[in-house]
Amino acid sequence: MTHRRKRSALAGSLVLTMSAAALATSAPATAGGRSAAPAPVVTRAALDPSLVAARGARVDFLEQEAENATTNGVVIGPDRTAYTLPAEASGRKAVKLVPGQYVEFTLPAAANAINVRYSIPDAPDGGGITAPLDVTVNGKSKKTMTLTSQYAWLYNQYPFTNDPNADLLHPDWWITECSCVPAETTPTPTITKPFRPMHFYDEQRLPLGKTYKAGDRVRLTVPARSNAAWTVIDLLDSQLVAPPHVRLIAANVLLFGADPTGRRESSDAFDKAIAFAKRAKLKVYIPPGTYQVNRHIIVDNVTIEGAGSWYTIIKGKEVALPEPAPDLSIHTGVGFYGRYAKDGGSSNVHLSGFTIEGDVRERIDTDQVNGIGGALSNSTIDGLYIRHTKVGMWFDGPMTNTRITNNVIVDQIADALNFHTGVTNSVVSNNFIRNTGDDGLAMWAETTTNSGNTFDHNTVQTPTLANGIAIYGGTDITVSNNLVADPIREGSGIHAGSRFGAEPFAGKLSITNNTVVRAGTYELNWNIGLGAIWFYALDKSIAADVQVTGDHYLDSTYNAIMLVSEWGVKDLYSITGVKFKNIRVDGTGTSVVSARVAGGASFENVDARNVGAVGVNNCGSFHFTPAGSEFGLTDLGGNDGGGVTGPWLAPWVLPNTITCDDRPPVVPPAPPSPGDGRQMSGRGRVDGTARPLPRPVSRAVPCAHHTPVAHRSPHVRAAAIFPPADATRTARAATSGAARRTVGGPAEPAVGPAVGASVGATARLPAGSVDQPRFLRLVAARSRDRQAGVAADPRPPGDRGGAHLHGADPVGGLAVDRRPRHGAGHRGGARPGPRRDLRRLRAGDRRFGGRADRLDARHSRRRPHRRRGRDGRPARPRRGALQLGQPAVSDAGLGDPRRLPHHRRHLRLPRAGALLRRGPGGAGTGGGTGAPKRHRPVLQAVSR
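Below is a summary of the structure that appears in this document. (Residues numbered from 1 in each chain as written. Predicted model: local features only at pLDDT ≥ 70, side-chain atom pairs only at ≥ 80, totals over all residues. Heavy atoms only, no water.)

**Overview of the overall build of the protein**
At step 1: Along the backbone of the protein there are 2 helices and 71 strands.
At step 2: Evaluated residue by residue, the protein yields a buried proportion of 60% over its 944 residues.
At step 3: Surface summary for the protein: the accessible area is close to 34000 Å², and the carbon and sulfur share equals 53%. (Helix = DSSP H or I, 4+ residues; strand = E, 2+ residues; numbered from the N terminus. Buried < 20%, exposed > 50% of the residue type's maximum accessible area, 1.4 Å probe, protein only. Areas by Shrake-Rupley, 256 points an atom, 1.4 Å probe, with all protein chains shown as cover.)

Have a look at this one:
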């Protein structure tokens with residue numbers, strides 16, 4: 001299938017929680033000499049993990065940026081200028097080493113393998129070089145990695161070349177460098193070579209041979225013998241790789257002649273194993289080894305399992321075909337392909353647990369040299385590692401019901417994944433993507449529309465061209481809970497475009513709870529900046545139900561939001577009815593919103609800070625009539641904050657004041673922070689104004705909100721807003737400072753049952769803690785119908801002490817037991833029963849009418865989250881300490897409550913909003929209750 005020519009001229013987890021204090025105490029890289037070994041700084045997309053909690057992919061490795069490590073090299077960056085090494089680095093910074101220099105990382109957790117992202121120079125005439133990099137742990141166990149630039153360094157105009165000395169590929173195209181069409185300009189402009197170098201980085205995995213503990217030091221040294229003039233280290237990922245997966249009863253490819261040493265071609269052996277497995281109704285198993293496969297493996301109605309992506313490696317060479325194939329390919333290479341849709345497609349294919357490593361060094365869009373391809377319906381792809389192919393996964397539909405999960409796709413010449421033509425009801429979730437040469441994740445509804453698809457909880461980093469996530473037409477599409485970082489040029493973080501011949505947007509386009517950081521890039525063809533999220537009406541108008549809710553746009557180079565059309569069609573197409581709600585904008589080089597199209601959008605609870613220019617750059621369709629812009633903005637309330645020119649959505653810009661300035665001075669914003677005096681991690685507000693949080697309570701429990709508070713006032717107030725038809729309402733607030741003492745305020749009187757009625761509590765921070773990291777926990781309660789409870793700790797999840805209630809992993813679901821004391825009668829749904837393995841709260845707990853409430857937690861039938869022990873290995877689920885702050889839930893979180901003993905099905909606190917306390921020296925806890933699903937309270941937090 002012919003790929004789209006995407007680059008035609010446009011103009012023309014692992015989830016870790018760390019406190020700000022932990023990051024502040026970590027020393028950065030030191031240039032020019034050795035410093036004391038810093039504490040390890042773990043990041044996600046070069047961010048404090050608290051900024052992206054619950055967003056992006058959960059991965060089994062820990063990221064450490066080289067600029068935060070110990071080095072005697074030179075830190076390069078930050079710099080976002082395209083065609084530079086810092087611009088393509090994660091976080092826009094890296095460390096540059098010359099022979100003899102090193103960078104040293106301290107392991108934050110047990111690890112037996114690492115992955116290094118690096119760059120080394122190209123050969124003078126292109127094609128790449130190889131160079132050594134020595135790896136030691138604690139000064140011993142030296143291993144040598146062989147780095148390569150053979151899959152990096154592209155140049156020139158689309159579709160690019162490997163030749164740094166090439167002349168312009170398209171001298172008849174307009175270029176920014178001379179603001180001209182070179183072929184039509186006299187005298188002919190001089191073009192600097194190499195022209196537009198890009199795609200500098202690659203990455204490489206290395207097993208360490210044994211497990212090292214947290215605190216051990218991994219040093220990367222460029223040996224004096226290195227032939228590379230310089231080596232740039234961007235980051236190191238450390239990982240504790242599990243033992244290989246073994247499948248004994250299966251069609252083992254070794255039995256059919258596959259060679260695990262990689263010396264002989266194994267394609268035919270794979271085909272035989274697949275054929276046998278289908279006849280015998282077995283799975284195909286590929287044991288540890290490196291297998292040479294230089295063509296497509298056609299899959300249909302088969303399950304293929306590897307031993308794990310670190311153990312089973314399927315590697316191939318790109319092979320030139322004697323004549324073009326029917327799909328117009330002139331090369332072939334390693335890949336697992338379903339049958340093409342025109343041949344009926346494939347179904348019931350399940351691939352998992354292996355690496356696909358290609359040999360693609362140039363971009364030829366007609367070539368089918370992708371890791372996964374064809375049409376795969378009712379299929380799953382899980383746990384693959386795909387590297388050095390053209391596109392990691394390119395699907396040509398029609399096809400339906402495919403789930404793509406837990407994969408790592410890196411170092412691609414083009415996209416990581418593309419749903420192309422008629423893909424329906426499919427999900428892409430929990431995938432990690434880095435260093436693509438085009439869109440990271442894309443849906444392209446060419447000819448036949450895509451519908452009902454979801455991109456959820458994926459991480460996309462450093463696409464060197466185009467967008468992190470791009471949606472080209474389609475019906476009922478969802479983009480949710482993703483993390484996108486560091487797009488470079490000719491695209492941005494999240495994009496919805498009516499272009500490339502796509503079918504129109506229809507139904508609902510839902511873009512929800514995504515975080516986009518260091519985006520809003522420069523568009524060289526237009527010579528202007530884009531938005532972190534941008535909408536583009538080129539082929540058709542965009543008039544679907546587009547809802548953007550809960551997104552965070554952090555540290556945008558230019559704009560946070562852009563709506564735009566092409567100059568030649570600006571009077572033909574428009575963008576209408578886009579709804580922005582509960583958006584956090586933290587830092588823009590220029591505006592919050594840039595509108596260069598006719599139409600309109602509404603804004604509600606869009607909070608912005610560190611805005612570098614006028615809040616709204618409204619050009620409309622450039623007619624500049626006395627009636628104002630052709631683009632209208634609707635203020636639905638709650639739009640606060642701004643920057644150098646005042647409030648971003650000031651009354652004077654409404655509804656359509658012309659404020660057009662395409663190229664204002666760019667003011668680099670301050671880095672985003674987990675919380676400050678106006679904003680709390682994007683979930684709530686601390687600016688003195690009461691407002692519902694963007695995220696309502698998702699279930700009956702926990703009815704609580706936890707957030708860092710970094711404003712300087714000692715007074716903190718928390719409140720809850722309830723929907724109508726509630727009965728009693730109470731609330732508790734708790735804060736913690738450096739001394740970790742808890743101060744709680746009394747609940748304020750409940751307000752009547754009107755919509756938006758609120759109740760709150762006020763706390764004063766401990767003396768001397770105003771400048772310390774603090775956290776706020778609000779627990780709201782209601783007394784109507786069945787209750788649920790929460791034990792609340794004001795400290796963040798990663799900073800809790802030893803106090804706990806008897807319980808288990810909350811991910812598994814908890815049953816809560818309340819038994820009477822001293823023979824008193826029971827209350828609520830908790831039936832009295834014999835004393836079992838219960839653990840009391842410590843001395844000083846509050847008694848209710850002579851009774852002491854106790855919490856007993858057991859795992860539900862849902863599979864609990866797999867924790868890891870001190871050695872990093874998965875630990876068995878246990879009856880562990882239910883730490884304060886973790887929810888105890890009622891029936892709503894347990895699946896089928898009939899499977900539980902009756903006395904463990906329910907929890908009724910004797911008084912809503914009751915406050916549990918530990919003994920002297922311990923942290924206090926707030927208790928509260930949630931609401932039934934139909935009456936969910938919405939939490940808010942404010943300060944004064």
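**Overview of unusual backbone geometry**
Comment: phi is negative for the bulk of residues other than glycine, and the bulk of peptide bonds are trans.
At step 1: The linkage connecting Thr 186 with the following residue, Pro 187, adopts the cis geometry, with an omega of -10 degrees.
At step 2: With respect to the helices and strands, the residue Pro 187 is situated in the loop between strand S8 (140–148) and strand S9 (202–212).
At step 3: For the bond from Leu 654 to Pro 655, the omega torsion is -10 degrees, close enough to zero to count as cis.
At step 4: Tracing the sequence through the fold places Pro 655 in the loop between strand S57 (646–647) and strand S58 (679–680).
At step 5: Although it is not a glycine, Ser 179 adopts a positive phi angle of roughly 50 degrees.
At step 6: For Ser 179, the location among the structural elements is in the loop between S8 and S9.

**Remarks on the nonpolar core**
Within soluble globular proteins, side chains that are nonpolar generally end up buried alongside one another.
At step 1: If you look at the biggest cluster of nonpolar residues, it comprises 88 residues, and the most contacted ones within it are Phe 336, Ile 372 and Phe 535.
At step 2: The residues contacting Phe 535, other than those within four sequence positions of it, are Ala 496, Ile 511, Ile 542, Val 546, Val 548, Met 562, Leu 563, Val 564, Ile 575, Val 578 and Phe 580.
At step 3: Counting residues in hydrophobic clusters, the runner-up holds 29 residues, among them Leu 107, Val 135, Leu 147 and Leu 220. (Core = buried A, V, L, I, M, F, W, Y, C linked by side-chain atoms within 4.5 Å. Contact = heavy atoms within 4.5 Å.)

**So, the pattern of salt bridges**
Side-chain pairs of opposite charge can arise whenever the charged atoms involved come near each other.
At step 1: Taken as a whole and judged by the stated rule, the model has 32 salt bridges.
At step 2: A salt bridge links Asp 359 to Arg 361; its shortest N-O distance comes to 3.1 Å.
At step 3: Judged by relative accessible area, Asp 359 falls into the buried class, the value being 16%.
At step 4: Note on Arg 361: relative accessible area 31%, which makes it partly exposed.
At step 5: Note that Asp 365 is salt-bridged to Arg 363, the shortest N-O span being 2.8 Å.
At step 6: In this structure Arg 363 comes out as buried when scored by relative accessible area, which is 6%.
At step 7: Put simply, Asp 202, Lys 315, Glu 357, Arg 387 and Asp 411 are held in one network by salt bridges that share partners. (Salt bridge = Lys/Arg side-chain N within 4 Å of Asp/Glu carboxyl O.)

**Thoughts on the environment of Val 41**
At step 1: With respect to the secondary-structure elements, Val 41 resides in the loop between helix H1 (20–24) and strand S1 (61–65).
At step 2: As a C-alpha pair, Val 41 and Pro 108 span 67 residues in sequence and 7.8 Å in three-dimensional space.

**Observations concerning the sheet that holds S8**
At step 1: Ordered by their spatial adjacency, 5 strands build an open sheet running S2-S5-S10-S7-S8, and the pairing between neighbours is antiparallel. Only two strands of the sheet have a single partner each, and these edge strands are strand S2 (70–71) and S8. (Pairing = 2+ DSSP bridges.)

**Topic: the side chain of Asn 252**
At step 1: Tracing the chain through its elements places Asn 252 in strand S12 (residues 251–252).
At step 2: Among the polar contacts listed, one links the side chain of Asn 252 to the backbone nitrogen of Leu 254, at a separation of 2.9 Å.
At step 3: Here Asn 252 is in contact with Tyr 285 and Pro 287, once residues within four sequence places are set aside. (Polar contact = N/O pair within 3.5 Å; in protein donor to acceptor, adjacent residues only side chain to side chain.)

**What to know about the side chain of Ser 429**
At step 1: Structurally, the position occupied by Ser 429 is in strand S34 (residues 427–429).
At step 2: Ser 429 sits in the buried class, given a relative accessible area of 15%.
At step 3: Excluding anything up to four places from it in sequence, Ser 429 contacts Ile 404, Thr 405, Asn 406, Asp 456, His 457 and Asn 458.

**What to know about helix H2 (residues 267–280)**
At step 1: For H2, spanning 14 residues, the distance from its first C-alpha to its last is 20 Å, which sits close to the expected 20 Å at 1.5 Å a residue.
At step 2: Residues of H2 that are buried: Ser 267, Ala 269, Phe 270, Ala 273, Ile 274 and Ala 277. Axial view of H2: buried residues confined to an arc of 160 degrees, hence all on one face. With respect to the buried face of H2, the exposed residues turned more than 90 degrees away are Asp 268, Lys 272 and Arg 279.
At step 3: Just downstream of H2 lies Lys 281, where phi reads positive at about 55 degrees. (Expected span 1.5 Å × (residues − 1). Arc of directions from axis to C-beta.)

**Some details on the packing of aromatic side chains**
At step 1: All told, the structure shown has 20 aromatic pairs when counted by the stated rule.
At step 2: Judged by centre distance (6.4 Å) and plane angle (90 degrees), the ring pair of Trp 526 and Trp 534 falls under edge-to-face. Each of the two residues, Trp 526 as well as Trp 534, counts as buried.
At step 3: The interplanar angle of 55 degrees and the centroid separation of 5.3 Å between the aromatic rings of Trp 567 and Phe 622 together place this pair among those described as tilted. With Trp 567 in the loop between strand S50 (559–565) and strand S51 (574–588) and Phe 622 in the loop between strand S54 (616–618) and strand S55 (631–635), this pair connects stretches of sequence that are 55 residues apart.
At step 4: We classify Trp 567 as exposed; its relative accessible area is 55%.
At step 5: Judged by its relative accessible area of 18%, Phe 622 is buried.
At step 6: A connected cluster of aromatic rings, assembled from ring pairs, spans Trp 394, Trp 444, Tyr 472 and Phe 500.
At step 7: One cation-aromatic arrangement involves Arg 205 over Tyr 385; the distance from NZ or CZ to the ring centre is 3.7 Å.
At step 8: The side chain of Arg 219 reaches across the aromatic face of Tyr 102, ending 3.7 Å from its centre. (Phe/Tyr/Trp six-rings, centres within 6.5 Å; stacked < 30°, edge-to-face > 60°. Lys NZ or Arg CZ within 6 Å of the ring centre and 35° of its normal.)

**Some points on the state of the cysteines**
One way to say it: the disulfide is the covalent bond shared by the sulfur atoms of two cysteines.
At step 1: Taken as a whole and judged by the stated rule, the model has 2 disulfides.
At step 2: The side chain of Cys 178 participates in a disulfide bridge whose partner is Cys 180; the two sulfur atoms lie 1.9 Å from each other. Because the torsion about its S-S bond is -90 degrees, the bridge between Cys 178 and Cys 180 counts as left-handed.
At step 3: Judged by relative accessible area, which is 24%, Cys 178 ranks as partly exposed.
At step 4: On the basis of relative accessibility, which here comes to 11%, the residue Cys 180 falls in the buried class.
At step 5: Two residues share a disulfide in this structure: Cys 619 and Cys 660, whose sulfurs sit 1.9 Å from each other. (Disulfide = S-S within 2.5 Å.)

Don't take any of this as a statement about function, it's just geometry.
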